[in-house]
Amino acid sequence: MTRNRILLAVLLAALALGPLVLAEFHITLLNYIGLYAMVALGLVLLTGVGGLTSFGQAAFVGLGAYASAYLTTAHGASPWLGLLAGLALTAAVALLLGAITLRMGGHYLPLGTIAWGISLYFLFGNVEFLGGHTGISGIPALTLFGQELKSGRDFYYLIWFVLLVLVLATRNLLDSREGRAIRALKGGALMAEAMGVNTPRSKIVAFTVAALYACLSGWLYAHLQRFVNPTPFSLNMGIEYLFMAVVGGVAHVWGALLGAGIITVLKQWLQDWLPGLFGQSGNFEMIVFGLLMIFILHRAREGLWPLLLRLFPGSVAHRPPPAAAEPLPRRTLPPAGTPLLEVREASKRFGGLLANDRMNLTVKAGEILALIGPNGAGKSTMFNGISGVDPVTSGSVSFLGERVETLPAREIARRGMSRTFQHVRLLPAMSVLENVAIGAHLRGARNFVHAALHSERGEEARLLHEAAGQLVRCDLAEHLYDPAGSLPLGKQRIVEIARALAADPCLLLLDEPAAGLRYLEKQALADLLRRLRDEGMGILLVEHDMDFVMGLADRVVVMEFGKKLAEGLPDEIQRNPLVLEAYLGGVE
Ligand code: ADP
Ligand code: MG
């Protein structure tokens, strides 16, 4: 058994046996920890993994609690109907709020969540049919398998069962194609878009799932307490949920449980102890939480969960390469010589700088076109314009006969163009294999529900198999499970190529792929690119190593100051006085 399995078994046994030995007070505490952990779990997904900070989760807890409280008391509905209504309402509100706020970058998103967190709180307090600040009482108990859940003890197993199911579903979700897309949001959104990920959609998914977890917690809370008022759904509580996620381990699923446990127990204890110490009553615990938060952010960014794991050193699991799976269907490549890419009079302006000035380019199937030029000539800018990462200001880009200059990067990727980045864009903590699997994103179709249920394992196996195959092809087979960030930079560039190949493109854009490679590695790369060309792929290549370029390219385009300086066969280019002037500052 691995370390994690043992820890899990101990946890489950303790949870199962707990009610047999614990006093009522401790059961209540554990119930609250379970309820809070559900909300914190949503934040792990949203904030820890997705990088989207929300202070407003308490409001979603309130939606779940109030929806069922109102329907069951005012209309005599069953609590289960209350649950469905709460989930539907929360999903609708989350989709709406998400559509409005998730576009906002930087600190605007957290501010936005504070705004709606406060709004919903005051809505609960001021709407008459929700009981105003007095709240709603007389909420019926839940009935499960013909049994009324009247006490905290009755509720205990339900709460912890729901929590464990959510933990499992979240882990499944993160370990999937949809999960990789969500994991790419923090620090890799631009790359993910270029690999075909619809990042706005991934954000909405993470946001809505987190809101639904909160709603579920609120529904359980309402029927456990049998009474709701606005207080537990305030911004204060929203901040506390965020504390829990951060303290536990903001990017670790089990961290949510740990954080909820620590904060809840600590709060209990501090509330008993601190007023005695200071000789007056007050919310002193919040001061301690503030200090704790600062300490954690300084000393344990990842939260306490990874520290806890370090106390139980486990054997490093030796993982076999992904099992053989049926290969994914491949794109039929256009016949050699077919024009794939046609750039016409494309310009890109950055304020006063014309980084691309009426550029013209054609790349055909089965050829390697090298784009060369001094630093700052505008080559990477051209790549961004072609791939939709940073669209051209004017002019046209046609791919496979279709105008694409106004399409988002993911749509261009879908049509069969894939690229690497000059400044490597890998997710450093993610394994090499999973990084490459992001490249195959568009070759899978199962959604996040399949992912949470792990009913997409067949497709996932095929995606991972594809990724592994590309890594083998690129001579990186021994690094499948290494964190991508642990590889030397030259190899990271090759991982980028494998990722681009996993998309099964017909046109490959490589921005300085050989930089940082040793001589033999460069030769291996050149061999690979020749093989790809011979299979019919078109390749547009930016490279500084002239030996590499001249031995490989079929044609060369030279850029200087954003303009095309020359175009021709490698031999011609090497003898072109204009080019020698640009590169060497004059003909010898
Ligand atoms: P190359 O790849 O040929 O070395 P780049 O395309 O990276 O050149 O850059 C071309 C010019 O455009 C440079 O002067 C660079 O400073 C400028 N540039 C590139 N990206 C941006 C940007 N996002 N904003 C402003 N200027 C930029
Ligand atoms: Mg560049």
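Residues numbered from 1 in each chain as written. Chains lettered and ligands numbered in written order. Predicted model: local features only at pLDDT ≥ 70, side-chain atom pairs only at ≥ 80, totals over all residues. Heavy atoms only, no water.

(A) Structural view of the domain arrangement of the chain. What the domain assignment lists for the chain is domain 1 (27-311), domain 2 (339-416 + 505-584) and domain 3 (428-490). Using C-alpha coordinates to define each centre, domain 2 is positioned 27 Å away from domain 3. The interface of domain 2 with domain 3 comprises eleven residues on the first partner and five residues on the second. For the domain 2 and domain 3 pair, buried surface summed over both sides reaches about 510 Å², with 59% attributable to carbon and sulfur atoms. Counting the surface domain 2 buries against domain 3, the share from its top three residues, Arg 414, Leu 517 and Leu 528, is 50%. The interface formed by domain 2 and domain 3 holds one salt bridge in total. Put simply, Arg 473 and Glu 535 hold a salt bridge, and the shortest N to O gap is 3.1 Å. Our count for the domain 2 to domain 3 interface comes out at one residue pair in polar contact (both at pLDDT 80 or more). Of all the secondary structure elements, the ones that give two or more residues to the side of domain 2 that touches domain 3 are α14 (409-414) and α19 (519-535). Along the lines of polarity and charge, the residues of the side of domain 2 that touches domain 3 split into six nonpolar, one polar and four charged. (Domains from an automatic or database assignment. Contact = heavy atoms within 4.5 Å. Buried area = accessible area lost by both parts, 1.4 Å probe. Salt bridge = Lys/Arg side-chain N within 4 Å of Asp/Glu carboxyl O. Polar contact = N/O pair within 3.5 Å; in protein donor to acceptor, adjacent residues only side chain to side chain. Helix = DSSP H or I, 4+ residues; strand = E, 2+ residues; numbered from the N terminus. Nonpolar A, V, L, I, M, F, W, Y, C, P; charged D, E, K, R; others polar.)

(B) A look at the pattern of salt bridges. Inspection of every chain in the model, using the stated rule, returns 30 salt bridges. The residue Arg 415 makes a salt bridge to Glu 402 at a minimum N-O spacing of 2.8 Å. Placement of the pair is Arg 415 in the loop between α14 and β10 (417-419) and Glu 402 in strand β9 (residues 402-403), with a sequence separation of 13 residues. Exposure remark for Arg 415: the relative accessible area of 25% places this residue in the partly exposed category. (Buried < 20%, exposed > 50% of the residue type's maximum accessible area, 1.4 Å probe, protein only.)

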